[in-house]
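Here is how the chains run, residue by residue.
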Amino acid sequence: VTTFIFDLDGTLYLDGAALPGAVDSVRELARVGHQVLYATNDASLTGDQHTVRLQRLGFPAERAGVLTAGELTARWLAERPEPPRRVMVLGPAAVAAEISEYCPSASVESGADADAVVVGLDHAISYDRLTQAFRAVDAGATLVATNGDRCYPGSDGLLPGAGAITAAIETASGRSATVLGKPSPDMYAMLMARHGADPSDTVVVGDSLATDMVAAERLSLYRVLVLTGVTTVPPDQEETGPQLVIPSLDRLLPELTQRRAQARI
Ligand SMILES: [Mg+2]
């Protein structure tokens, strides 16, 4: 059994619609007995919500097989030697919901007395909330970010990302954040541990060189880049580059079958 870990946005779907060949390819992998898992930096939905969305699009998804950067962050906090009691979230409501569910020691509240500050993409960021977060971190609170994205594409141009908000708190406090989403390898490591996946028999499929491919390279996982999302031009072969580059997911099974020995499936 090979374990396949799929990125979501730009890999399986785009703008809410499944990409060509994506549903059929993933269903076929599951049908022949491979393990199919999903890992996303998108913390604007909870793991429950992502699971329902995948199922509605036709993908074979179960809740335990889906990991978001929000759940990863909540579980990471819960595993600290001293789990936090008060967590301030600068980010989507889904991140606060994941912390309430998976870090049971913590109550989610604002204020400078928080002992952990979690930064995601916060559309309601204000100077007041930035001040509260800074004062908490300055007083010793753990600073965690669900992703390190400097910016991201909006309909009318680039927008500042979670990394920009994190950088403001880092600059003010002089302390560094722990960044947990991809390209940190924590997401794949947690998902593989949960499902008993063998790193030498795990294939990561994603659309981003900077996040999906770098995170997979750090764990020496087999890497497939699909050119339907953020990376649209085949990269020069580098150390962190993918072993296989495909134009869209309908090529996944034919190409992997051709490279069976190399792909270890
Ligand atoms: Mg993606």
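Before reading further, recall that the structure is shown in the block above.
Residues numbered from 1 in each chain as written. Predicted model: local features only at pLDDT ≥ 70, side-chain atom pairs only at ≥ 80, totals over all residues. Heavy atoms only, no water.

Undergrad: Would you explain the pattern of salt bridges in this entry?
TA: When the charged atoms of two side chains with opposite charge come close together, those side chains can pair. The full count for this structure, using the stated rule, is 11 salt bridges. For Glu71, the salt bridge identified is with Arg75, shortest N-O distance 2.6 Å. A residue pair is termed a helical-turn pair when its members lie 3 or 4 positions apart in one helix, as Glu71 and Arg75 do in helix H3 (residues 69–78) at four residues. Among the residues examined, Glu71 registers a relative accessible area of 1% and is labelled buried. Look at Arg75 and you get partly exposed, because its relative accessible area is 27%. For the salt bridge of Arg194 with Glu71, the shortest nitrogen-to-oxygen distance reads 2.6 Å. With Arg194 in helix H7 (residues 186–195) and Glu71 in helix H3, this residue pair connects regions lying 123 residues apart in the sequence. (Salt bridge = Lys/Arg side-chain N within 4 Å of Asp/Glu carboxyl O. Helix = DSSP H or I, 4+ residues; strand = E, 2+ residues; numbered from the N terminus. Buried < 20%, exposed > 50% of the residue type's maximum accessible area, 1.4 Å probe, protein only.)

Undergrad: Even after reading the chapter, I still don't get the coordination of the magnesium ion, so can you show me in this structure?
TA: Ideal values differ by geometry: the angle at a metal is 109.5 degrees with four tetrahedral donors, but 90 or 180 degrees with six octahedral donors. Coordination of the magnesium ion by the protein involves Asp7 (OD), Asp9 (O) and Asp207 (OD), with metal-donor separations of 2.1 to 2.2 Å. Read N to C, the donor residues that coordinate the magnesium ion are spaced as D-x1-D-x197-D. One end of the pair, Asp7, is in the loop between strand S1 (3–6) and strand S2 (13–14); the other, Asp207, is in the loop between strand S13 (202–206) and helix H8 (209–218), with 200 residues separating them in the sequence. The burial state of Asp7 is the same as that of Asp207; both residues are buried. (Donors = N, O, S within 2.8 Å, 3.2 Å for Na, K, Ca; no water.)

Undergrad: Help me understand the sheet that holds strand S9 (residues 142–145), please; the structure alone is not making it clear to me.
TA: Strands belonging to one sheet form pairs held by backbone hydrogen bonds; the direction of such a pair is parallel or antiparallel. With respect to topology, five strands assemble into an open sheet ordered S7-S6-S8-S9-S12, the strand pairing being parallel. Each edge of the sheet is formed by a strand with only one pairing partner; in this case those strands are strand S7 (107–108) and strand S12 (178–179). Two strands pair when backbone bridges link them, and strand S8 (residues 116–119) and S9 are joined in this way by four bridges, in the parallel orientation. For Val119, the partnering residue across the bridge sits in S9 and is Ala145. (Pairing = 2+ DSSP bridges.)

Undergrad: What is the right way to look at the pairing of S13 in this model?
TA: Remember that side chains alternate between the two faces of the sheet whenever the strand is regular. Most of S13 sits inside the fold, with five of its five residues counted as buried. Pairing of S1 with S13 involves four bridges; the strand directions are parallel. Looking at the pairing, Phe4 lines up with Val203 of S13. In this view, the connection linking S13 to its parallel neighbour strand S14 (residues 222–226) by way of H8 has right-handed handedness. (Right-handed = clockwise from strand over helix to strand, strands pointing away.)

Undergrad: Before we go on, may I ask you to explain the environment of Pro234 in this structure?
TA: Along the chain, Pro234 falls in the loop between S14 and strand S15 (244–246). Each C-alpha atom, one on Pro234 and one on Ala22, is 19 Å from the other, the two residues being 212 residues apart in sequence. Discounting residues that sit within four places of it in the chain, Pro234 has contacts with Leu227 and Val245. (Contact = heavy atoms within 4.5 Å.)

Undergrad: Just checking my understanding: could you explain the sheet that holds strand S5 (residues 66–68) for this structure?
TA: Spatially, six strands are ordered S5-S4-S1-S13-S14-S15 in an open sheet, and the strand pairing comes out parallel. At either margin of the open sheet sits one strand with a lone partner, and together these are S5 and S15. Here the average twist between neighbouring strands, direction ignored, is 20°. One ladder, built from four bridges, connects S1 with strand S4 (residues 35–40); its direction is parallel. Across the sheet, the residue bridging to Phe4 is Val36, located in S4. (Axes fitted to C-alpha atoms, helices over the stretch in contact; angles between N-to-C directions.)

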